Amino acid sequence: MSATKPSVRDTDTPGNVRAQRRGMMPTVLLLCAALVAAAFVVFRTTEPEGTPVARFPLPERYADSYSNDWGAARVQGAHEGTDLFAPRGTPIRSITAGTVSRAWGSSGNGWNTLGGYTVMIEAAYDMGPIERGDRLYYAHMDAPTELKPGDIVEAGQKIGEVGDTGQGPEGTRSNFEPHLHLGWYEGWSLLSAERSTVSSGAINPYPLLRWIRHGENLRPGPEAVQNEDGA
């Protein structure tokens, strides 16, 4: 008996079609992964124009107003940040250029039960220990920031003033000394190793502040020490 050509009905059964699709899945998944990786690389390598800089967040006279208090006991648990002390109303400057975003759990005007009036800025570029996408969190400000989520800021730009707000409903003034609580949280990245040792993604800001103070061309810029009373 001579062989006959299989009919369409013989080969295109539901089971065969599913098998063919399963065979194609690894190729499709690999292609999708390659496209995502390529897009991510382009995103990471396309830096904003200008020379990346980092600025100390307070005027130079307060450059020694902090200590390595990471992990110290606090009402809410271990301290995940660095406290920089300065009089109420002292201007706070953005450490890097970046985009304003809403801090976790904060209201529309930045109020956070623990942190008081806050603002969070996502770094626009890699700079020393800072990686693009890292989030810098400024808390206990005296009043709501004038910035809105999505606003672009430059390094050294004023973003608020030192205060003593937090630990209660909006408007609460706490019994602690006015200070800036600085938090640093690693951004999401496919290519970078995890740098945080805690579940929140927080990183100790103390070495970052020391690096800014002692790095060449990274000390508080002229714009950060002029008009220190609030301009």
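Please refer to the structure placed before this passage.
In this text, all values refer to a predicted model and were calculated from it rather than measured experimentally.

**A few points about the layout of surface pockets**
Empty space among the atoms becomes visible once a probe the size of a water molecule is rolled across them. There is about 460 Å³ of room inside the largest pocket. The wall of the largest pocket is formed by 19 residues, among which Q76, H79, L114, H140 and H181 lie closest to the centre. Elements that contribute at least two residues to the lining of the largest pocket include exactly β8 (135-141) and β11 (179-185). For the lining of the largest pocket, a count of residues per class yields eight nonpolar, eight polar and three charged.

**A closer look at the environment of D151**
Here D151 lies in the loop between β8 and β9 (152-153). Here D151 falls in the partly exposed class, since its relative accessible area comes to 28%. The spacing of D151 and T99 is 52 residues in sequence and 5.7 Å in space, taken between C-alpha atoms. If sequence neighbours within four positions are ignored, D151 has contacts with G98, T99 and V100.

**Remarks on the pattern of salt bridges**
Inspection of every chain in the model, using the stated rule, returns ten salt bridges. Residue R74 pairs with D83 through a salt bridge whose shortest N-O separation is 3.2 Å. Note on D83: relative accessible area 5%, which makes it buried. Across the pair D164 and R173 runs a salt bridge whose closest N-O atoms are separated by 3.0 Å. Residue class for D164 comes out buried when judged on its relative accessible area of 10%. On the accessibility criterion, R173 (37% relative accessible area) is partly exposed. Via salt bridges that share partners, R88, D142, D164 and R173 belong to a single interconnected network.

**With respect to the environment of G116**
In this fold, G116 is placed in strand β7 (residues 116-123). For the pair G116 and A139, spaced 23 residues apart in sequence, the C-alpha to C-alpha distance is 6.4 Å.

**Some points on the packing of aromatic side chains**
Both the distance between ring centres and the angle between the ring planes are used here to describe each pair of aromatic rings. Applying the stated criterion across every chain yields a total of four aromatic pairs. A centroid spacing of 4.8 Å and a plane angle of 80 degrees characterise the contact between W111 and Y117, whose relative ring orientation is edge-to-face. Centre to centre, the rings of Y137 and Y185 are 6.4 Å apart; their planes meet at 75 degrees, and the pair counts as edge-to-face. Pair noted here: Y137 is in strand β8 and Y185 is in strand β11, with a separation of 48 residues, a long-range link. Look at Y137 and you get buried, because its relative accessible area is 10%.

**Considering helix α3 (residues 206-214)**
Of all the positions in α3, only L208, L209, I212 and R213 are classed as buried. All buried residues of α3 fall inside an arc of 135 degrees around its axis, so they share one side.

The rules behind each value
Residues numbered from 1 in each chain as written. Predicted model: local features only at pLDDT ≥ 70, side-chain atom pairs only at ≥ 80, totals over all residues. Heavy atoms only, no water. 1 Å grid on protein atoms, 1.4 Å probe; cavity = no way out; pocket = protein on both sides within 12 Å on 5 of 7 lines; lining within 4 Å. Points joined across faces, edges and corners; volume = space filled by probe spheres on them. Helix = DSSP H or I, 4+ residues; strand = E, 2+ residues; numbered from the N terminus. Nonpolar A, V, L, I, M, F, W, Y, C, P; charged D, E, K, R; others polar. Buried < 20%, exposed > 50% of the residue type's maximum accessible area, 1.4 Å probe, protein only. Contact = heavy atoms within 4.5 Å. Salt bridge = Lys/Arg side-chain N within 4 Å of Asp/Glu carboxyl O. Phe/Tyr/Trp six-rings, centres within 6.5 Å; stacked < 30°, edge-to-face > 60°. Arc of directions from axis to C-beta.

Distances and angles like these do not, on their own, reveal function.
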